[in-house]
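Residue-level structural notes
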Amino acid sequence: WDGTGTGRSSSWHAFLLDDLDASPGSLIRGWRARLAASPLVAGSFEALWRCFTPLVARCPNARGLVHADLLNHNVLARDGRITAVLDWGSSLYGDPLWDLARFSFYEPWYPEFTRVGLVERLLEDFAADPAADTTDLEVRLRCYQLAIGLDSIAYNAWRGDWPNAEQAAARAAALAE
């Protein structure tokens, strides 16, 4: 979003369904052509896309603030309290549950999340917040996890990083079940 609050997409649903290959200003244009280099990953992407798209309609067309990059050492804490949230360059408008879905999707890559029960604690806090929209919480979480997985596949295809594309596809497939 820009200084006037205008986002890249017309709505949250449009953002979720955005074709990053055709989107003006996409940093990974050409990923779809590169995806064809791996029929296995390409097939996984298409199967995951078919699971993902019907879920979008069950998500709110929300316009809350989403950081979208909390995993990359952008949250500072001391004595059990958050003291700063840095680097808002990837932020967007949408469903704030997206940030929690990123922690959940990438949990296998961060064993300390499992060790401290981070995702479960975040879900409990989210559900307990009277201001939070908890409608279709599990469906929305799965939808966003799949979207994050699809984005990861696209990004890694663009980079030609097939091991990470395959890992993202496997993680997303496990969440789709």
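Refer to the structure presented above.
Just so it is clear, the model here is predicted, and its values are computed rather than measured.

**Some thoughts on the nonpolar core**
One finds Leu16, Leu35, Phe52, Trp98, Tyr144 and Ile153 to be the most contacted residues of the largest nonpolar core, which totals 46 residues. The set of elements that each furnish at least two residues to this core consists of α1 (12-16), α2 (31-35), α3 (39-56), α4 (97-105), α6 (118-128), α7 (137-159) and α8 (162-176).

**With respect to the packing of aromatic side chains**
What the rule picks out here adds up to 14 aromatic pairs. For the pair Trp12 and Tyr144, a centre-to-centre distance of 5.6 Å together with 75° between the ring planes defines the contact as edge-to-face. In this pair, Trp12 sits in helix α1 while Tyr144 sits in helix α7, placing the two residues 132 residues apart along the sequence. Exposure class is identical for Trp12 and Tyr144. Each is buried. Summarising the aromatic geometry, the rings of Phe105 and Trp109 are spaced 5.9 Å apart at their centres and angled 25° between planes, so their arrangement reads as stacked. Members of the aromatic cluster, joined through ring pairs, are Trp12, Phe15, Trp98 and Tyr144. For the cation-ring pair, Arg171 lies above Phe105, with the distance from its terminal atom to the ring centre recorded as 6.0 Å.

**Brief notes about the environment of Pro60**
Within the fold, Pro60 resides in the loop between α3 and β1 (64-66). In this structure Pro60 comes out as partly exposed when scored by relative accessible area, which is 21%. Remark: the alpha-carbon pair of Pro60 and Asp136, spanning 76 residues in sequence, is separated by 9.2 Å. Beyond its immediate stretch of four places on either side in the chain, Pro60 contacts Trp12, His13, Asp95, Asp133, Arg140 and Tyr144.

**Points about the layout of surface pockets**
Of the voids in this model, the second largest pocket is the one considered here, and its volume is about 860 Å³. Along the walls of the second largest pocket sit 29 residues, with Leu70, Val75, Ile82, Phe103 and Leu122 positioned nearest its centre. Residue assignment for the lining of the second largest pocket shows that the elements contributing at least two residues are β1, β2 (75-78), β3 (81-85), α4, α5 (111-116) and α6. Ranked by the residues each element gives to the lining of the second largest pocket, the list is headed by α6, at 5 residues. Along the lines of polarity and charge, the residues of the lining of the second largest pocket split into 19 nonpolar, 4 polar and 6 charged.

Quick notes on the rules
Residues numbered from 1 in each chain as written. Predicted model: local features only at pLDDT ≥ 70, side-chain atom pairs only at ≥ 80, totals over all residues. Heavy atoms only, no water. Core = buried A, V, L, I, M, F, W, Y, C linked by side-chain atoms within 4.5 Å. Buried < 20%, exposed > 50% of the residue type's maximum accessible area, 1.4 Å probe, protein only. Helix = DSSP H or I, 4+ residues; strand = E, 2+ residues; numbered from the N terminus. Phe/Tyr/Trp six-rings, centres within 6.5 Å; stacked < 30°, edge-to-face > 60°. Lys NZ or Arg CZ within 6 Å of the ring centre and 35° of its normal. Contact = heavy atoms within 4.5 Å. 1 Å grid on protein atoms, 1.4 Å probe; cavity = no way out; pocket = protein on both sides within 12 Å on 5 of 7 lines; lining within 4 Å. Points joined across faces, edges and corners; volume = space filled by probe spheres on them. Nonpolar A, V, L, I, M, F, W, Y, C, P; charged D, E, K, R; others polar.

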